[in-house]
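A closer look at the structure
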Amino acid sequence: MPRKNSRPRCPVCGLHSELCMCAALPVRDLTTAFIVVQHNRERTKPTSTGRVAAAVLRAPVVYYGAQGEAMDTAPLEDPSLDYFVLFPSPDAPALSEATTTPAPGKRRCVVVLDGTWHQCSRMARRAAKICELPHRTLPPGPPSRWGVRTPPHPGALCTFEAATRVVELLHGPEAAAPMAEFFAELSARMLGMRGRPPPT
């Protein structure tokens, strides 16, 4: 719930309305499909980057953990898709073109989890359908530039950064570059709202 007398925020990018960047969303039309599975506690947090990642990737958002609301697994049961969950489970292979090659006649779909580290771990192990799907992890890469939240460990990325890495690995740097540029400005504006400079 918004705080009393708080300034309105965009429900997608989370910025104050006058700073909203949604008109500049670098929407991607890719051969890979995406789904964002968001923990219910992230649903109204303005610092969650899952919503804006979903908007950029034209991905449906599936909610997990809402009291009295069953998780809608329909987007995870499309017979035309081969699903791969992005989560560093033990023994999960590194995500690449080779490790996410779909079966003949099917389209690859990457499922991106949105929540805290603990929430995503729980979803990966317990969420309907998610726990049954093959998991893939990101190979080592640059550290997070999302200074709005404290990462649980040095290699952790926010949802939007993780999605950008997936696009880079599967579709190349040129496809991911507009997302990275957008995110750098989003991060700078979000930190500016808190009176903090962007990371160097």
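Residues numbered from 1 in each chain as written. Predicted model: local features only at pLDDT ≥ 70, side-chain atom pairs only at ≥ 80, totals over all residues. Heavy atoms only, no water.

1. Considerations on the overall build of the chain
Counting secondary structure elements, the chain contains four helices and five strands. Its helices and strands taken in sequence order, the chain reads β-α-β-β-β-α-β-α-α from the N to the C terminus. Here the chain has a C-alpha radius of gyration of 16 Å; the compact-globule value for 200 residues is 16 Å, and the two agree. Here the C-alpha coordinates of the chain stretch approximately 50 × 40 × 30 Å along the principal axes. Residues classed as buried in the chain amount to 44% of the 200 residues present. Contacts in the chain between residues far apart in sequence, at least 24 positions, make up 73% of those at least 6 positions apart. Carbon together with sulfur atoms contributes 55% to the accessible area of the chain, which is approximately 10500 Å² in total. Across the chain, 24 positive and 17 negative side-chain charges occur, with their mean positions spaced 9 Å apart. (Helix = DSSP H or I, 4+ residues; strand = E, 2+ residues; numbered from the N terminus. Rg over C-alpha atoms; globule rule 2.2 N^0.38 Å. Buried < 20%, exposed > 50% of the residue type's maximum accessible area, 1.4 Å probe, protein only. Contact = heavy atoms within 4.5 Å. Areas by Shrake-Rupley, 256 points an atom, 1.4 Å probe, with all protein chains shown as cover. Lys, Arg positive; Asp, Glu negative; His and termini not counted. Charge placed at Lys NZ, Arg CZ, Asp CG, Glu CD.)

2. A few points about the sheet that holds strand β3 (residues 81-86)
Strand order in the open sheet formed by five strands is β2-β1-β4-β3-β5, with parallel pairing between adjacent strands. Two strands close off the open sheet at either side, each with one partner strand: β2 (61-64) and β5 (135-136). Bridging between β3 and β5 involves two bridges; their strand directions are parallel. Directly across from L86, in β5, lies its bridge partner R136. (Pairing = 2+ DSSP bridges.)

3. Looking at the pairing of β3
In terms of residue burial, β3 counts as a mostly covered element, since six of its six residues are buried. Of the two faces of β3, both are covered, the one formed by L81, Y83 and V85 as well as the one formed by D82, F84 and L86. Both β3 and strand β4 (residues 107-114) contribute to a ladder of six bridges, which runs parallel. What sits directly across from L81, in β4, is R107.

4. Notes on the packing of helix α3 (residues 159-171) against helix α4 (residues 173-193)
Axis separation between α3 and α4 bottoms out at 7 Å; the angle between their running directions is 165 degrees. With respect to each other, α3 and α4 are oriented roughly antiparallel. Considering how the two elements wind past one another, α3 and α4 form a crossing that is left-handed. Across the interface between the two elements, F160, E161, A163, T164, V167, E168 and H171 of α3 pack against P173, A175, A176, M179, A180, F182 and F183 of α4. (Axes fitted to C-alpha atoms, helices over the stretch in contact; angles between N-to-C directions. Parallel < 35°, antiparallel > 145°, perpendicular 65-115°, else oblique. Left-handed = near helix turned anticlockwise from the far one by under 90°.)

5. Quick look at the side chain of D82
Structurally, the position occupied by D82 is in strand β3. The buried category is assigned to D82, whose relative accessible area is 18%. There is a polar contact of 2.7 Å between the side chain of D82 and the backbone nitrogen of A103. Non-local contacts of D82, meaning those with residues more than four positions away in its chain, are made with P102, A103, K106, R107, R108 and C109. (Polar contact = N/O pair within 3.5 Å; in protein donor to acceptor, adjacent residues only side chain to side chain.)

6. Some thoughts on the nonpolar core
Counting residues in hydrophobic clusters, the biggest one holds 34 residues, and the most contacted among them are F34, L57, F160, V167 and L186. Among the secondary structure elements, those contributing two or more residues to this core are β1 (33-39), α1 (50-57), β4, α3 and α4. Here this core gets eight residues from one element, more than from any other, and that element is α4. Not counting chain neighbours up to four residues away, the residues in contact with L186 comprise C13, L15, M21, V52 and W146. Of all hydrophobic cores here, the second largest spans 20 residues; its members include Y64, L81, Y83 and V85. (Core = buried A, V, L, I, M, F, W, Y, C linked by side-chain atoms within 4.5 Å.)

Just distances and angles here, no functional claims.
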